[in-house]
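An overview of the molecular structure
Listed below are the residues making up each chain.
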Amino acid sequence: MDRIFSGIQPTGDLHLGNYLGALRNWVALQHKYECIYCMVDMHAITVWQDPKELAASTREVTAGLIAAGLDPDHNVLFNQSAVPAHAELAWVFNCVARLGWLNRMTQFKEKAGKNKENASVGLYAYPNLMAADILVYKATHVPVGEDQKQHLELTRDIAQKFNNDYNQNFFPLTEPLIFGEATRVMSLRDGNNKMSKSDPSENSRINMTDGLDDISRKIRKAKTDPEPLPGDRKALESRPEAANLIDIYAALSDQSTADVCSKFEGAQFSSFKEELTELAISVLGPVGEEMARLVKDPGYLDSVLRTGAERAKAIANPILDDVYDIVGFLRP
Ligand code: AMP
Ligand code: TRP
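**Details of the site of ligand 2**
- Around ligand 2, 13 residues are found, and the nearest of them are Gln9, Tyr126, Met130, Asp133 and Gln148.
- Within the side chain of Tyr126, a nitrogen or oxygen atom sits 2.6 Å from a nitrogen atom of ligand 2.
- For ligand 2, a nitrogen atom lies 3.0 Å from a polar atom in the side chain of Gln148.
- Against a free-state accessible area of 360 Å², the protein chains account for coverage of 91% of ligand 2.
- Its atoms largely coinciding with the cavity grid, ligand 2 occupies the largest pocket.

Written as structure tokens, this is what we have:
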């Protein structure tokens, strides 16, 4: 049977890129498949995290998932470190994946920056842990934003090498699910950079907890160009900021970008931005409010995570047992 797994790092604020690239799609899949969604706190510490903030963020992101529409009774929601099988399978994968494969990972190069020697070993081995997250459930499909595509290719390579090395047809070759009109939401300040939690400029992103004033200010200040909007999406190829705002509008209103282009053909950015602001507030406002309400009830969020971890273990542990048998680990 098809099984969905996806993860999100509990660091910083959830933003519009997370919402359109991931959360909304997770919600859309929840009644079609068995879905497992994970706050990947072990991935988070590949770069320094303040312990208090990490714990608070783990609850906050859990609240964000529920506020976005994920039903915690129907889906498995949990934090990664509560299910040790992830780390255990990751070790086996550290011994399956090749250094050459990890050396090609662009996200490591971006995150490590110029001072590679000073990056943590965890940041380098991160894709192996991500493969373990997915394969410890034998997940068949993984909904993510564009930026995770390369990691999913590596996950398939690891599954294939494990199957070949041990002469088994054990792990599935997992497929990415990348869909929607905004699979790569860009910064509002620079259309060539991805919207990200780590961008130092607050105005570069819309957070899911932003109120009306923040949302309207950020959209008003969003970088654009002097031309009016074109009627054809192709004409936006050399106008990354305009293309980004149109894609955001399309995704938030569940329309195609082509339809949005024809709707706003010839319009000035000032009037388009007013409509985009109204739309963003109507979609994100209720989610942000529900998130704020849930965050005030840590007892409830912890109970969701506790139940989720138990359900996750019940699926993962027997799969890990099989891996240990295949590898030849004695369990006396
Ligand atoms: P992260 O916040 O890096 O843990 O990402 C969580 C999920 O959000 C992943 O599926 C990412 O692919 C997705 N995501 C993060 N940033 C963006 C973005 N700017 N546009 C689209 N999807 C994104
Ligand atoms: N690497 C993902 C990100 O930064 C988060 C993640 C960790 C993930 N494990 C995963 C996503 C497994 C999908 C499946 O966004």
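**Comments concerning the site of ligand 1**
- What surrounds ligand 1 is a group of 17 residues, the closest being Gln9, Gly145, Asp147, Val185 and Lys197.
- The backbone of Gly145 places a nitrogen or oxygen atom 2.8 Å from an oxygen atom of ligand 1.
- A distance of 2.9 Å separates a nitrogen atom of ligand 1 from a polar atom in the backbone of Met195.
- In isolation ligand 1 exposes 480 Å². Once the protein is present, 92% of that is buried.
- A majority-of-atoms criterion places ligand 1 in the largest pocket.
- The element best represented in the shell around ligand 1 is helix H1 (residues 16-29), accounting for four residues.
- Among the residues making up the shell around ligand 1, the classes are represented as five nonpolar, eight polar and four charged.

**Overview of the pattern of salt bridges**
- Applying the stated criterion to the full structure yields 18 salt bridges.
- Residue Asp214 pairs with Arg217 through a salt bridge whose shortest N-O separation is 3.0 Å. Here the residue Asp214 and the residue Arg217 both occupy positions in helix H9 (residues 212-221), the gap between them amounting to three residues, near one helical turn.
- The partly exposed category is assigned to Asp214, whose relative accessible area is 29%.

**Details of the nonpolar core**
- Among the nonpolar cores identified, the biggest contains 59 residues, and Tyr19, Leu20, Leu23, Tyr37, Leu65, Leu252 and Phe272 are the most heavily contacted of them.
- Here this core gets 10 residues from one element, more than from any other, and that element is helix H12 (residues 269-295).
- Domain assignment of the residues forming this core places at least three in each of domain 1 (3-182 + 297-327) and domain 2 (202-293).
- Apart from the residues within four sequence positions on either side, Tyr19 is in contact with Arg24, Ala68, Met208, Leu252, Val283, Leu284 and Val287.

**Here we look at unusual backbone geometry**
- Even without glycine at this site, Lys138 takes up a positive phi of about 50°.
- Here Lys138 shows up in the loop between helix H7 (121-135) and strand S4 (141-143).
- Since its relative accessible area comes to 27%, Lys138 is described here as partly exposed.

**Overview of the packing of aromatic side chains**
- For the coordinates displayed, the defined rule picks out 13 aromatic pairs.
- Seen in terms of ring centroids, Trp26 and Tyr37 are 4.5 Å apart; in terms of plane orientation they differ by 0°. Their pairing is stacked. Taken together, the positions of Trp26 in helix H1 and Tyr37 in strand S2 (residues 34-39) put the pair 11 residues apart, joining distant regions of the chain. Just as Trp26 is buried, Tyr37 falls in that class too.
- Aromatic rings pair up to connect Phe93, Phe162, Tyr166, Phe170 and Phe171 into one cluster.

**Some words on H1**
- The terminal C-alpha atoms of H1 lie 19 Å apart, and with 14 residues this matches the ideal 20 Å at 1.5 Å per residue to within 8%.
- Of all bends in H1, the biggest is about 35°, found at Ala22.
- Judged by how many residues are buried, H1 sits mostly within the fold: 11 of 14 residues are covered.

**What to know about the packing of helix H3 (residues 51-67) against helix H13 (residues 298-327)**
- Interaxial distance between H3 and H13 falls to 10 Å at its minimum, and their mutual angle equals 80°. Our classification of the angle between H3 and H13 gives roughly perpendicular. Contacts from Thr58, Arg59, Thr62, Ala63 and Ile66 of H3 reach H13 at Pro298, Tyr300, Leu301, Asp302, Val304 and Leu305.
- Tallied by class, the residues present in the contact of H3 with H13 amount to seven nonpolar, two polar and two charged.

**A word on the environment of Ala68**
- For Ala68, the position within the fold is in the loop between H3 and strand S3 (76-79).
- Taking the C-alpha atoms as reference points, Ala68 and Ile248, 180 residues apart in sequence, are found 17 Å from one another.
- Among residues more than four places away in sequence, those in contact with Ala68 are Tyr19, Leu23, Val27 and Val287.

**Some points on the domain arrangement of the protein chain**
- Domain parsing of the protein chain yields domain 1 (3-182 + 297-327) and domain 2 (202-293).
- Spacing between the C-alpha centres of domain 1 and domain 2 amounts to 29 Å.
- Counting residues at the interface gives 16 residues for domain 1 and 19 residues for domain 2.
- At the boundary of domain 1 with domain 2, total buried surface from both sides reaches about 1,500 Å², with 68% on carbon and sulfur atoms.
- At the junction of domain 1 with domain 2, the criterion picks out one salt bridge.

The rules behind each value
Residues numbered from 1 in each chain as written. Chains lettered and ligands numbered in written order. Predicted model: local features only at pLDDT ≥ 70, side-chain atom pairs only at ≥ 80, totals over all residues. Heavy atoms only, no water. Near = heavy atom within 4 Å. Polar contact = N/O pair within 3.5 Å; in protein donor to acceptor, adjacent residues only side chain to side chain. Areas by Shrake-Rupley, 256 points an atom, 1.4 Å probe, with all protein chains shown as cover. 1 Å grid on protein atoms, 1.4 Å probe; cavity = no way out; pocket = protein on both sides within 12 Å on 5 of 7 lines; lining within 4 Å. Sits in = over half its atoms within 2 Å of the grid points. Helix = DSSP H or I, 4+ residues; strand = E, 2+ residues; numbered from the N terminus. Nonpolar A, V, L, I, M, F, W, Y, C, P; charged D, E, K, R; others polar. Salt bridge = Lys/Arg side-chain N within 4 Å of Asp/Glu carboxyl O. Buried < 20%, exposed > 50% of the residue type's maximum accessible area, 1.4 Å probe, protein only. Core = buried A, V, L, I, M, F, W, Y, C linked by side-chain atoms within 4.5 Å. Domains from an automatic or database assignment. Contact = heavy atoms within 4.5 Å. Phe/Tyr/Trp six-rings, centres within 6.5 Å; stacked < 30°, edge-to-face > 60°. Expected span 1.5 Å × (residues − 1). Bend = angle between axes of the 7 residues up to and from the residue. Axes fitted to C-alpha atoms, helices over the stretch in contact; angles between N-to-C directions. Parallel < 35°, antiparallel > 145°, perpendicular 65-115°, else oblique. Buried area = accessible area lost by both parts, 1.4 Å probe.

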